[in-house]
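One-letter residues, chain by chain:
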Amino acid sequence: MPDKQHYDAIIIGSGQAGMPLSTAFVKSGRKTAMVERAHVGGTCINTGCTPTKTMIASARVAYLARFASDYGVRISPASIDMARVRQRKRDMVASFREGDEHRIVDGGVDLIMGEAAFTGPKSLRVQTKSGETLEMEADTIFIDTGTRPGSPRIEGLASVRYYDSTSIMELDVVPIHLLVLGGGYIGLEFAQMFRRFGSEVTIINRGKHLLSKEDTDVADAVAGIVKEDGIEVLFEAE
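Residues numbered from 1 in each chain as written. Predicted model: local features only at pLDDT ≥ 70, side-chain atom pairs only at ≥ 80, totals over all residues. Heavy atoms only, no water.

Considerations on the side chain of S58
Rules: A helix here means a DSSP run of H or I that spans at least four residues, while a strand means a run of E at least two residues long, and both kinds are numbered starting from the N terminus. Contacts were defined at the residue level, with two residues in contact if any of their heavy atoms lie within 4.5 Å.
Within the fold, S58 resides in helix α3 (residues 49-66). Residues in contact with S58, not counting those within four places in the same chain, are V85, R88 and F197.

In structure tokens:
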């Protein structure tokens, strides 16, 4: 087995907490490594804020184009090139991801692309993307592995094709009719987005109100906006 590489700190995952933590350690004089299995940047850059807000911007342009005549502006009927929307999203993600990679490496952190597994309380084995096996140890190891979508326990769901908040952003066509299970923040975000792209959208909401963590007056105001957009909401439904 290869000799163990010793660090003062190792961070597993390169999310929004890991990057500033790693560079702060280096600035304080501690030898630091970061191990990332897939993509630098974590949930926010790769599957959360950055891609969704990029696509929402495209949906808003489609919305404004559709109502341009109300403002005295005449344009041809708007059409959606979903493959181009997706590519714009991918380009934005890649730009942010590369920026984070440069900040990590330029900050003096050893960035290792691979999958880490614990071999002891303070030791790791990393299978790198290039096929190497690295043995590493550190006085302190941090886990910053982020989040991923969870599938609800709904009978029959596993036997059908469905999308989650990550996979739906890879569509290259606009769905004719989109069913959104749940009226939380993420569900509403995609419901309005695809409605503005041109899909018929139905939200299936278990409770009496959207956004169950918000005050009722806020939830009701959001429901009014959703209705104005032409989105159907089925309340107290499963």
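Continuing now.
Considering the sheet that holds strand β8 (residues 232-234)
Worth spelling out the cut-off: Two strands are said to pair when DSSP picks up at least two bridges between them. Helix axes are fitted only over the stretch in contact, all axes being lines through C-alpha atoms; the angle between N-to-C directions runs from 0 to 180 degrees.
In spatial order, the strands read β6-β7-β8; together these three strands make up an open sheet with parallel pairing. At either end of the open sheet lies a strand with only one pairing partner, and these are β6 (177-181) and β8. Across the sheet, the mean angle separating the axes of adjacent strands is 20° when strand polarity is ignored. Pairing geometry for β6 and strand β7 (residues 200-204), over five bridges, is parallel. Looking at the pairing, L178 lines up with V201 of β7. Across the sheet, helix α5 (residues 185-197) is in contact with β6 and β7; its angle to β7 comes to roughly 165°.

What to know about the nonpolar core
Basically, it comes down to this: By convention a nonpolar core is built from buried Ala, Val, Leu, Ile, Met, Phe, Trp, Tyr and Cys residues, the set being connected through side-chain atoms within 4.5 Å. The rule is simple: take the accessible area with a 1.4 Å probe, protein chains only, and divide by the maximum for that residue type; under 20% is buried, over 50% is exposed, in between is partly exposed.
Counting residues in each nonpolar core, the largest one holds 22 residues, and the members touching the most others are I168, M193, F194, F197, I203, L210 and V226. Secondary structure elements with two or more residues in this core: α3, α4 (82-106), β6, α5 and β7. Excluding anything up to four places from it in sequence, I203 contacts V180, G182, G183, L188, A191, L210, V226, I231, E232, V233 and L234. Ranked by size, the runner-up nonpolar core spans twelve residues in total, among them I12, A33, L124 and L134.

Things to note about the sheet that holds strand β3 (residues 110-120)
Judged by pairing direction, the barrel is mixed, and its five strands sit side by side in the order β1-β2-β3-β4-β5 before closing back on the first. Averaged over all pairs of adjacent strands, the angle between their axes in this sheet comes to 60°, without regard to strand direction. Helix α1 (residues 18-27) contacts β1 (5-12), β2 (32-36) and β5 (133-143) of the sheet and is inclined by roughly 160° relative to β2.

Section: the packing of α3 against α4
Axis angle and axis distance: for two packed helices, these are the angle between their axes and the distance between the axes, and together they describe the pair. As a reminder of what qualifies: Any angle between 65 and 115 degrees counts as roughly perpendicular, while under 35 counts as roughly parallel, over 145 as roughly antiparallel, and the rest as oblique. Definitions for this section: a left-handed crossing has its near helix turned counterclockwise from the far helix by less than a right angle. A right-handed crossing has that turn clockwise. We call Asp, Glu, Lys and Arg charged. Ala, Val, Leu, Ile, Met, Phe, Trp, Tyr, Cys and Pro are nonpolar, and the rest, Gly among them, are polar.
Where α3 contacts α4, the axes come no closer than 9 Å and their chain directions differ by 140°. One finds that α3 runs oblique with respect to α4. For α3 against α4, the interelement crossing comes out right-handed. Contact residues: T50, P51, T54, M55, A57 and S58 in α3; M82, V85, R88, K89, M92, V93 and F96 in α4. A per-class count over the contact of α3 with α4 returns eight nonpolar, three polar and two charged.

Some remarks on unusual backbone geometry
Positive phi, close to 50°, is recorded for L211, a residue that is not glycine. When you line up the elements, L211 lands in the loop between β7 and α6 (216-228). L211 sits in the buried class, given a relative accessible area of 9%. In this structure, E236 takes a positive phi of about 50° despite not being glycine. Structurally, E236 can be placed in the segment after β8. Given the relative accessible area of 56%, E236 is considered exposed.

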